[in-house]
Amino acid sequence: MNIEVLLTEAEIAQEFAESLEARDLPEKFFYWTPMSVRRWKELSERSEESLKATWESLAAKAADLTKPFGGKVPLISLGAGEGLKDRVFLRALAAAGRDVKYFPVDASQTLLETAVAGAEDDDIEVLGIKADIASHMHLVLASDVSEAPRLFLMVGNTLGGFDPMDQIKQVADVIQKGDILVIDARLRDGAPLPPRVEQQRFVFAPLEAAGVSPDDGQVEFMENRDDRLDGLYMVTRRFQAARDLRLQAGAKEVPMARGERILLNFRYLYTAEAFRWLLTEHAGLRVVGEMSSPDGRFITAVCIRA
Ligand SMILES: C[S@@+](CC[C@H](N)C(=O)[O-])C[C@H]1O[C@@H](n2cnc3c(N)ncnc32)[C@H](O)[C@@H]1O
């Protein structure tokens, strides 16, 4: 299995301990342990259904979309996860006789191995890249695996797990003339719903890995407007300890007093207008195509350098 490592497991473990101490757990830890991966799969099964139709129609256009690429289509997927959506695209390109090379980029060793193995099963040339897509340097190194034109995917509301104002600029920065970026967003389509059991389990998994049990405290979900942009909303999740705890981060113990809180990962939601503004006015990209999922929950944009 071919995987290039820019972010090591030792670095992630060190950052996990530091993040527990800082009471703020970034997105990548929610896909890191086997427990998190299991919870993520349970959660994503449902949203996969909603995006399936979008992916099938996009994949049907994949060969046309990449016609100007000439022979070879390098596909770089930022936050690839298991690579399930990527493979729909890759198969469509291969079926159209295109020569594809797949570069899934992810911080999760387990998910990345799944993405690489899946592509190998389909006889697609693949190099996995274990990297932190929140790091500008890692994004540059990951995109340098191939020269432009390249097809970038950032899907499954991956952008929503980061501050989208910062992250979209970083991503746009590596998009060169000739490249295509396919990116999606979860729309805020009405009043916030109470979190589903699968969502609660997913956000709790890193704490479980640190030895916390559900009756050690409470997880609270809150939705707030982000004052920087009309139509931008942030769903935060935080855990409050109901008793004194000792969190386990590998060999390190991190004490947490009763009443203290830890910020878990957040999710950004958008109106369609806010998402378009982020891509165009804010990040300087040009949207050349757009699709909504049949249930209206997701919007997917095809972008190029303006
Ligand atoms: C919401 S999931 C989407 C996965 C996939 N694209 C899909 O649609 O099923 C986000 C993915 O980004 C990865 N991720 C989160 N934070 C990351 C980081 N800082 N660097 C690299 N990957 C990260 C996670 O491991 C996860 O696979």
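Now for a look at the structure at hand.

What counts, and where the lines are drawn
- Residues numbered from 1 in each chain as written.
- Predicted model: local features only at pLDDT ≥ 70, side-chain atom pairs only at ≥ 80, totals over all residues.
- Heavy atoms only, no water.
- Phe/Tyr/Trp six-rings, centres within 6.5 Å; stacked < 30°, edge-to-face > 60°.
- Helix = DSSP H or I, 4+ residues; strand = E, 2+ residues; numbered from the N terminus.
- Buried < 20%, exposed > 50% of the residue type's maximum accessible area, 1.4 Å probe, protein only.
- Lys NZ or Arg CZ within 6 Å of the ring centre and 35° of its normal.
- Near = heavy atom within 4 Å.
- Polar contact = N/O pair within 3.5 Å; in protein donor to acceptor, adjacent residues only side chain to side chain.
- Areas by Shrake-Rupley, 256 points an atom, 1.4 Å probe, with all protein chains shown as cover.
- Nonpolar A, V, L, I, M, F, W, Y, C, P; charged D, E, K, R; others polar.
- Expected span 1.5 Å × (residues − 1).
- Arc of directions from axis to C-beta.
- Contact = heavy atoms within 4.5 Å.
- Pairing = 2+ DSSP bridges.
- Lys, Arg positive; Asp, Glu negative; His and termini not counted.
- Salt bridge = Lys/Arg side-chain N within 4 Å of Asp/Glu carboxyl O.
- Core = buried A, V, L, I, M, F, W, Y, C linked by side-chain atoms within 4.5 Å.
- Domains from an automatic or database assignment.
- 1 Å grid on protein atoms, 1.4 Å probe; cavity = no way out; pocket = protein on both sides within 12 Å on 5 of 7 lines; lining within 4 Å.
- Points joined across faces, edges and corners; volume = space filled by probe spheres on them.

Looking at the packing of aromatic side chains
Piece 1. Enumeration over the complete set of coordinates arrives at 11 aromatic pairs.
Piece 2. Centroid distance phenylalanine 16 to phenylalanine 29: 5.2 Å. Interplanar angle 55 degrees. Geometry classified as tilted. With a gap of 13 residues between them, phenylalanine 16 in helix 1 (residues 9-22) and phenylalanine 29 in the loop between helix 1 and helix 2 (34-60) connect regions that are remote in the sequence.
Piece 3. Judged by relative accessible area, phenylalanine 29 falls into the buried class, the value being 0%.
Piece 4. Summarising the aromatic geometry, the rings of phenylalanine 29 and tryptophan 32 are spaced 5.9 Å apart at their centres and angled 70 degrees between planes, so their arrangement reads as edge-to-face.
Piece 5. By way of ring pairs, the aromatic residues Phe30, Tyr31, Trp40 and Phe202 are connected into one cluster.
Piece 6. Here arginine 186 stacks its cationic end above the ring of phenylalanine 298, 6.0 Å away from the centre of that ring.
Piece 7. Over the ring of tyrosine 233 we find arginine 188, and its NZ or CZ is 4.4 Å from the ring centre.

Observations concerning the site of the ligand
Piece 1. Around the ligand lies a shell of 21 residues, among which Gly79, Lys85, Asp106, Asp132 and Ile133 are the nearest.
Piece 2. Take alanine 107: an N or O atom from its main chain is 3.2 Å from a nitrogen atom of the ligand.
Piece 3. Between the ligand and the protein, one listed contact pairs a nitrogen atom with a backbone N or O atom of valine 155 at 2.9 Å.
Piece 4. Here the ligand loses 96% of its free accessible area of 590 Å² to cover by the protein chains.
Piece 5. Tallied by class, the residues present in the shell around the ligand amount to 10 nonpolar, 5 polar and 6 charged.

Quick look at helix 1
Piece 1. Between its terminal C-alpha atoms helix 1 stretches 20 Å, which fits the 20 Å expected from 14 residues at 1.5 Å a residue.
Piece 2. Among all positions of helix 1, only Ile12, Phe16, Ala17, Ser19 and Leu20 are buried. Seen from one end, helix 1 has its buried residues packed into an arc of 165 degrees, which puts them on one side. Exposed and oriented more than 90 degrees from the buried face of helix 1 are Ala10 and Ala22.
Piece 3. Looking at the packing, one finds that the buried side of helix 1 touches strand 5 (128-130), helix 8 (197-209), strand 10 (245-249), strand 11 (252-256) and strand 12 (261-263).
Piece 4. Arginine 23 sits one or two residues past helix 1 and shows a positive phi near 60 degrees.

What about the pairing of strand 10?
Piece 1. The alternating pattern of strand 10 places Leu245, Leu247 and Ala249 on a buried face and Arg246 and Gln248 on a face that is not buried.
Piece 2. Inspection of the sheet shows strand 10 paired to strand 11 by 5 bridges, in the antiparallel sense. Directly across from arginine 246, in strand 11, lies its bridge partner proline 255.
Piece 3. Counted between consecutive antiparallel strands, the loop separating strand 10 from strand 11 contains 2 residues, among which glycine 250 sits at a positive phi close to 60 degrees.

A word on the side chain of aspartate 184
Piece 1. On the secondary structure map, aspartate 184 appears in strand 7 (residues 180-186).
Piece 2. No salt bridge is formed by the buried aspartate 184, whose closest oppositely charged neighbour, lysine 85, lies at an N-O distance of 5.9 Å.
Piece 3. A polar contact of 2.9 Å, which involves the side chain of aspartate 184, links it to the backbone nitrogen of asparagine 157.
Piece 4. Residues within four places of aspartate 184 in sequence aside, it is in contact with Leu51, Met154, Val155, Gly156, Asn157, Thr158, Phe275, Phe298, Ile299 and Thr300.

Focus on the nonpolar core
Piece 1. Counting residues in hydrophobic clusters, the biggest one holds 39 residues, and the most contacted among them are Leu78, Leu181, Ile183, Tyr270 and Phe275.
Piece 2. Structurally, this core is a two-domain feature, drawing no fewer than three residues from each of domain 1 (3-189 + 275-305) and domain 2 (213-269).
Piece 3. Not counting residues up to four positions away in its chain, the partners in contact with leucine 78 are Val105, Ile133, Leu139, Phe152, Leu153, Met154, Thr158 and Val171.
Piece 4. In this structure, Trp32, Leu43, Val212 and Met256 belong to the second largest nonpolar core, which totals 30 residues.

Here we look at the layout of surface pockets
Piece 1. Of the volumes computed, that of the second largest pocket is approximately 220 Å³.
Piece 2. What lines the second largest pocket is simply Arg39, Val197, Gln200, Arg201, Phe204, Glu208, Pro214, Gly217, Gln218, Val219 and Phe221.
Piece 3. Taken together, the elements giving at least two residues each to the lining of the second largest pocket come down to helix 8 and strand 8 (217-225).
Piece 4. With 5 residues, helix 8 is the single largest residue contributor to the lining of the second largest pocket.

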